[in-house]
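# Inside the fold
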Amino acid sequence: MGPTEILKKAENEGFGHAYVDGGTTIKEFLRHDCIQEFVLTRVPLLLGSGIPLFASDGKSRLELEHLTTTPYSNGLVQSHYRIVKN
């Protein structure tokens with residue numbers, strides 16, 4: 001079952017939103033135009049050279065509209081973005 005079918009099934013069961021996690025899974029949902037918004041949470045931890053949020057295929061580029069950013073007392077920062085459709 002692909003992303004479109006998964007979301008249609010969830011919608012038919014009364015769900016209004018879906019939490020999609022994992023770089024490969026998110027890229028697949030993006031490829032099928034099944035994601036409208038992102039909520040990115042950053043944890044204040046240095047990882048040396050770092051790990052890409054999503055593996056780059058060199059072709060994908062998303063324009064995001066910033067909606068909100070919320071800092072938390074434990075150091076986490078959460079930002080909410082909407083994908084801009086061209």
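What counts, and where the lines are drawn
Residues numbered from 1 in each chain as written. Predicted model: local features only at pLDDT ≥ 70, side-chain atom pairs only at ≥ 80, totals over all residues. Heavy atoms only, no water. Pairing = 2+ DSSP bridges. Helix = DSSP H or I, 4+ residues; strand = E, 2+ residues; numbered from the N terminus. Axes fitted to C-alpha atoms, helices over the stretch in contact; angles between N-to-C directions. Patch = residues over 30% accessible without salt bridge, like charges linked within 9 Å, V, L, I, M, F, W, Y side chains within 5 Å. Areas by Shrake-Rupley, 256 points an atom, 1.4 Å probe, with all protein chains shown as cover. Salt bridge = Lys/Arg side-chain N within 4 Å of Asp/Glu carboxyl O. Buried < 20%, exposed > 50% of the residue type's maximum accessible area, 1.4 Å probe, protein only.

With that settled, consider the sheet that holds strand E2 (residues 64-71). Judged by pairing direction, the sheet is antiparallel, and its three strands sit side by side in the order E1-E3-E2 without closing on themselves. Since the sheet does not close on itself, it has two edges, and those belong to strand E1 (37-42) and E2, each with one partner. Across the sheet, the mean angle separating the axes of adjacent strands is 20 degrees when strand polarity is ignored. Note: E1 against strand E3 (residues 77-83), six bridges, orientation antiparallel. Bridge pairing links Arg 42 to Val 77 in E3.

Taken together, the side chains of Val 43, Leu 45 and Leu 47 present a nonpolar region at the surface, about 320 Å² in accessible area. Take Leu 45: it is sitting in the loop between E1 and E2.

For the rest of this paragraph, the subject is the pattern of salt bridges. It is possible for side chains of opposite charge to pair when their charged atoms get near one another. Here the structure, examined in full by the defined rule, presents six salt bridges. Notably, a salt bridge pairs Lys 85 with Asp 33, separated by 2.3 Å at the nearest N-O pair. Of the two residues, Lys 85 sits in the segment after E3 while Asp 33 sits in the loop between helix H2 (23-31) and E1, which places them 52 residues apart along the sequence. Judged by its relative accessible area of 48%, Lys 85 falls in the partly exposed class. Taking relative accessible area as the criterion, Asp 33 reaches 48% and is therefore assigned partly exposed. Taken together, the shared-partner salt bridges connect Glu 37, Glu 65 and Arg 82 into one network.

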